[in-house]
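Single-letter residue listing:
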Amino acid sequence: MAFTNSQRYYPETRMRRMRADDFSRRLMRENTLSTDDLIYPVFVLEGEGQVEDVPSMPGVRRYSIDLLVEKAREWHALGIPALALFPVTPPSAKSELAEEAYNPQGLVQRTVRALKAALPDLGIMTDVALDPFTTHGQDGIIDEDGYVLNDRTVDTLVKQALSHAEAGADIVAPSDMMDGRIGVIREELESHGLVNTRIMAYSAKYASAYYGPFRDAVGSAGNLGKSNKNSYQMDPANSDEALHEVALDLAEGADMVMVKPGMPYLDIVRRVKTELKAPTFAYQVSGEYAMHMAAFQNGWLDEESVIMESLLSFKRAGADGILTYFAVRAAEILNR
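Rules used throughout
- Throughout this document, residue positions are counted from 1 along each chain, in the order its sequence is written.
- pLDDT decides what is reported in this predicted model: residues at 70 or higher carry local features, side-chain atom pairs at 80 or more are listed and counted, and totals for whole chains, interfaces and linings draw on all residues regardless.
- The side-chain figures draw on all heavy atoms in the structure; neither hydrogens nor water molecules are used.
- Nine residue types can take part in a nonpolar core, namely buried Ala, Val, Leu, Ile, Met, Phe, Trp, Tyr and Cys, and a core is a set of them joined through side-chain atoms within 4.5 Å.
- Burial classification: accessible surface area is computed with a 1.4 Å probe over protein chains only, and a residue below 20% of its type maximum counts as buried, one above 50% as exposed, and the rest as partly exposed.
- Note on contacts: a residue pair is in contact if any heavy atoms of the two residues lie within 4.5 Å.
- Note on geometry: axes are C-alpha line fits, over the in-contact stretch for helices, and angles between N-to-C directions span 0 to 180 degrees.
- The numbering of helices and of strands both runs from the N terminus, where a helix is a DSSP run of H or I of at least 4 residues and a strand a run of E of at least 2.
- Throughout, the term roughly parallel applies to angles under 35 degrees, roughly antiparallel to angles over 145, roughly perpendicular to angles from 65 to 115, and oblique to all others.
- Less than a right angle of anticlockwise turn of the near helix away from the far helix marks a crossing as left-handed, whereas a clockwise turn marks it as right-handed.
- Residue type decides the class: Asp, Glu, Lys and Arg count as charged, Ala, Val, Leu, Ile, Met, Phe, Trp, Tyr, Cys and Pro as nonpolar, and the leftover types, Gly among them, as polar.
- Think of it this way: DSSP has to see at least two bridges between two strands before they count as a pair.
- If the strands point away from the viewer and the path from the first strand over the helix to the second runs clockwise, then the crossover is right-handed.
- Paired rings are identified among Phe, Tyr and Trp, the last through its six-membered ring, by centres lying within 6.5 Å, and are further divided according to the angle between planes into stacked (under 30 degrees), edge-to-face (over 60) and tilted (the rest).
- We call a charge positioned over a ring when the NZ of a Lys or the CZ of an Arg lies within 6 Å of the ring centre and within 35 degrees of the ring normal.

Participant: Would you explain the nonpolar core in this entry?
Facilitator: Within soluble globular proteins, side chains that are nonpolar generally end up buried alongside one another. Formed by 105 residues in total, the largest nonpolar core has its most connected members in Phe43, Trp75, Met125, Met200, Tyr283 and Leu323. Among residues more than four places away in sequence, those in contact with Tyr283 are Pro41, Phe86, Tyr202, Phe214, Met258, Val259, Lys260, Pro261, Gly262, Glu288, Leu323 and Tyr325.

Here it is in structure tokens:
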């Protein structure tokens, strides 16, 4: 930064002066983190009284609907404003065409109804994507060569999003990265009078190596095998392309946009917020969580301070909110 003639140098200007006491550090703090910034991703499975640990994500569990509702009461009491639902689909319910994705009595749809009945004020966000429901683990319908068909997939995504909204979801979140799906979903919601169902578009979702533990958690890793999602998720080398993707989703009717993963892509968060000035969210994904937890468990990093510093970095970059598996832990710290 260039200095003007009116600016003074040391000793007239001592940058440490404002850091000397807690009160002045607080007064000049540029960014703050609160429970209002947190969305907690949760995994739901079939059955009753069921809870399972996710081995690659220490501390994260899958819950059956009844237990998830009980836990949601605790999380809501901490001030967490919204949950993001991800289903663990039984192998018997998976298919080539992912028909279970839009089943009105599907796992996600039943979970939404149960949570909204128990906690009407808790925001519920659902994942609109087909990978938990396909036998091949891709986020869409594939042809004979394994290529994901864009428009055929969008037809199914629209049915899925509508079924979630009709079940009571407050936010539908297409995470598939198909072209044009936001506009078609918006039109479908409007035509059914679901005018206040919000869309959070996974607009800049990168073909990242950080997703591995999540795929374990929802049970899609085995279906995907050695295949990849490079033909529809973004190249990690690209930044301008992300702005193009986000602008298109906003033009099609997205209310909020997301960058995923989070910390390795904070430059994208900053560009999106600065250049497009839309509600911008970021996802601190499973791989980021797993790395932090490994360091905590080995005593290499201090858990509380690193959790809070990592989340604050999203706010500093411009994120309006953060999807994070640390949401409950962060809320507990913030509520002290």
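There's more to say after this.
Participant: Is there a simple way to think about the packing of helix α4 (residues 150-167) against helix α5 (residues 181-191) in this case?
Facilitator: For any two helices packed against each other, one specifies the crossing angle of their axes together with the interaxial distance. As a packed pair, α4 and α5 sit with axes 9 Å apart at the nearest point and diverge in direction by 45 degrees. The angle between α4 and α5 falls in the class oblique. Both α4 and α5 take part in a crossing whose hand is right-handed. In this structure, α4 uses Val154, Leu157, Val158, Ala161, Leu162 and Ala165 to contact α5, whose residues at the interface are Arg181, Val184, Ile185, Glu188 and Leu189. Split by residue class, the contact of α4 with α5 holds nine nonpolar, no polar and two charged.

Participant: What should I look at first to understand the pairing of strand β5 (residues 123-128) in this one?
Facilitator: Put simply, side chains in a regular strand alternate between the two faces of the sheet. Counting buried positions along β5 yields six of six residues, so the element is predominantly enclosed. By the alternation rule, side chains of β5 split into Gly123, Met125 and Asp127 and Ile124, Thr126 and Val128, which are all buried. Relative to β5, strand β4 (residues 82-87) runs parallel, the two sharing four bridges. Across the sheet, residue Ala82 finds its bridge partner in β5, namely Gly123. For the handedness criterion, the β-α-β arrangement of β4, helix α3 (residues 107-118) and β5 is classed as right-handed. Here β5 runs beside strand β6 (residues 171-174); their pairing, made up of four bridges, is parallel. Paired with Thr126 across the bridge in β6 is Val172. Each parallel crossover has a hand, and the one from β5 via α4 to β6 is right-handed.

Participant: How do you make sense of α5 when you look at a structure like this?
Facilitator: Along an α-helix, residues three or four apart share an orientation, since each turn contains 3.6 residues. Restricting attention to buried positions, one finds in α5 the residues Arg181, Ile182, Gly183, Ile185, Arg186 and Leu189. Buried residues along α5 sit in contact with β5, α4, β6, β7 (198-205) and α8 (240-252). Gly193 sits one or two residues past α5 and shows a positive phi near 75 degrees.

Participant: Explanation requested: the packing of aromatic side chains in the structure shown.
Facilitator: Between two aromatic rings, the relevant description is the distance of the centres plus the angle of the planes. Inspection of every chain in the model, using the stated rule, returns twelve aromatic pairs. When the ring of Phe43 is compared with that of Tyr325, the centres are 6.1 Å apart and the planes differ by 10 degrees; the resulting orientation is stacked. Taken together, the positions of Phe43 in strand β1 (residues 38-45) and Tyr325 in the loop between β10 (321-324) and α12 (327-334) put the pair 282 residues apart, joining distant regions of the chain. Judged by relative accessible area, Tyr325 falls into the buried class, the value being 5%. With 4.7 Å between their ring centres and 45 degrees between their planes, Tyr289 and Phe326 make a pair best called tilted. Residue Tyr289 is found in helix α10 (residues 286-297), and its partner Phe326 is found in the loop between β10 and α12; the two are separated by 37 residues along the sequence. As far as burial versus exposure is concerned, Tyr289 and Phe326 are alike and both buried. Ring-pair connections join several aromatic residues into one group, and the members of that group are Phe43, Phe86, Phe214, Tyr283, Tyr289, Phe296, Tyr325 and Phe326. Its end group placed over the ring of Tyr211, Lys260 keeps NZ or CZ at 4.9 Å from the ring centre. Over the ring of Phe214 we find Lys260, and its NZ or CZ is 5.3 Å from the ring centre.

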